[in-house]
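Given next are the chains, with one letter for each unit.
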Amino acid sequence: MSPFVRFIRVAAFVGVLGASARADVFSLGEGKEVRGSVVKETTDAVFVDVGFSILEIPRKEIVAWKKADADTGAPGSSDASGAELFHSGSFKEGSIRDLVERIGEGVVLISTPSALGSGFVLNAEGYVITNFHVIEGEQEIKVTVFRRSGREFDKHKYDKVRIVALNPFVDLALLKIEEPDKEIVSVALGDSDAIRVGEDVFAIGNPLGLDRTVSQGIVSLKNRAFDGLTYIQTTTPINPGNSGGPLFNLRGEVIGVTNMMLVGTEGLNFAIPIAQVKAFIRNRDAFAFDKDNPNTGYRYLAPPRKGSERKVVSPSESPSANADPNAKH
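Residues numbered from 1 in each chain as written. Predicted model: local features only at pLDDT ≥ 70, side-chain atom pairs only at ≥ 80, totals over all residues. Heavy atoms only, no water.

Where do I start with helix α4 (residues 274-282) in this structure?
Side chains of residues three or four places apart in an α-helix project in the same direction, reflecting 3.6 residues per turn. Of the positions making up α4, those classed as buried are I274, V277, K278, F280 and I281. Around the axis of α4, the buried residues are gathered within 160° of arc, so they sit on the same side. Looking at the buried side of α4, the elements it contacts are β8 (127-130), β11 (161-167), β12 (172-177), β13 (188-189), β18 (253-261) and β19 (269-273). (Buried < 20%, exposed > 50% of the residue type's maximum accessible area, 1.4 Å probe, protein only. Helix = DSSP H or I, 4+ residues; strand = E, 2+ residues; numbered from the N terminus. Arc of directions from axis to C-beta. Contact = heavy atoms within 4.5 Å.)

Given below as structure tokens:
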């Protein structure tokens, strides 16, 4: 065992003992954790105050970083065991090329008998976010991750996937991979309220089944309104199969979930702000999936509206092969 590994294991043990009430939680693998307050960050490491010592934790050793809630010091969202479903981080901006290398494995392909879409992994327990319309009416769901092996990628498909919660109104679904392995990679959630018009963003997804596709753009508007909800408007290309995938900032944080585009135009694409996603996750018990509910899997369509030359494809409208390029692909 190398001295470095010994240091990390000892640090994890001390961190648990010295944790404060307002502590960030760093998962280091093998069930090890460090709890403490961050006092300094660099590109390569995070320095954590555990109460009686300052520990330097290399970023490459951090599996997950769970930040304390700003008001209460408590994790923002947890399951029955007390573990958070999503985590945040404070990272330096980087190039899209480097960010894709670091976080790309956290973006997954969602497949059902009738559709292909995208999604992203929230944590090591296998919780996944995607769009409701990607899995609408289906219960046989598979999740495929892409793991780098040298210069190539290996596909690993999870066949046992459970629907945890659905919210058709905001077009979100929370899934759970029942038997995730220890190699599964998760992504950090950012702050959609902090984004700025004109800042660079990028998406990773599986448009038309072309897996691991990366597209780049800017934030055109942070609060475009449709049907009573607000969306991030972006020039980042979104195509059939991108639905449910993450929109990243240049710190590698998810700031939105891509879900629709304006038909017949270029550069008019939209994503659900991550603030709405966090609210959905925190209130997932209110949207819990019940396979025995007679309404499960059905969407009641809104009455038709007056037509227009250009049509916005929204989650509340009827899916059509010609009108809705993101639904049921």
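That shown, we press on.
Even after reading the chapter, I still don't get the packing of aromatic side chains, so can you show me in this structure?
One pass over the full model with this rule turns up four aromatic pairs. When the centroid spacing of 5.8 Å and the interplanar angle of 45° are considered together, the rings of F280 and F287 count as tilted. Accessibility expressed as a relative area gives 2% for F280, which makes it buried. Clustering of aromatic rings is evident, with ring pairs tying together F226, Y231 and F270. Here the guanidinium or amino end of K176 rests over the ring plane of Y127, the centre of that ring lying 5.5 Å away. (Phe/Tyr/Trp six-rings, centres within 6.5 Å; stacked < 30°, edge-to-face > 60°. Lys NZ or Arg CZ within 6 Å of the ring centre and 35° of its normal.)

What's the story with the nonpolar core in this structure? I'm lost.
Core analysis: the largest hydrophobic core is formed by 34 residues, its most contacted members being L122, I129 and L174. Of the residues forming this core, the biggest block, four residues, is contributed by α4. Contacts of I129, omitting those with residues within four sequence positions, involve S118, G119, F120, L122, L172, A173, L174, G244, V257, V277, F280 and I281. (Core = buried A, V, L, I, M, F, W, Y, C linked by side-chain atoms within 4.5 Å.)

Whenever I open this one, the sheet that holds strand β7 (residues 115-121) confuses me. Can you help?
Within a sheet, each strand pairs with its neighbour through backbone hydrogen bonds, oriented either parallel or antiparallel. Across the sheet, seven strands lie side by side as β10-β9-β6-β7-β8-β12-β11; this open sheet has antiparallel pairing. Every other strand in the sheet has two partners, leaving β10 (152-158) and β11 as the edge strands with one partner each. Between one strand axis and the next, the sheet turns through 30° on average, direction left out of account. Bridge analysis of strand β9 (residues 142-149) against β10 gives seven bridges, and the strand direction is antiparallel. Across the sheet, the residue bridging to R147 is D154, located in β10. Most of the contacts of α4 go to β12, to which it runs at about 55°, and overall it touches β8, β11 and β12. (Pairing = 2+ DSSP bridges. Axes fitted to C-alpha atoms, helices over the stretch in contact; angles between N-to-C directions.)

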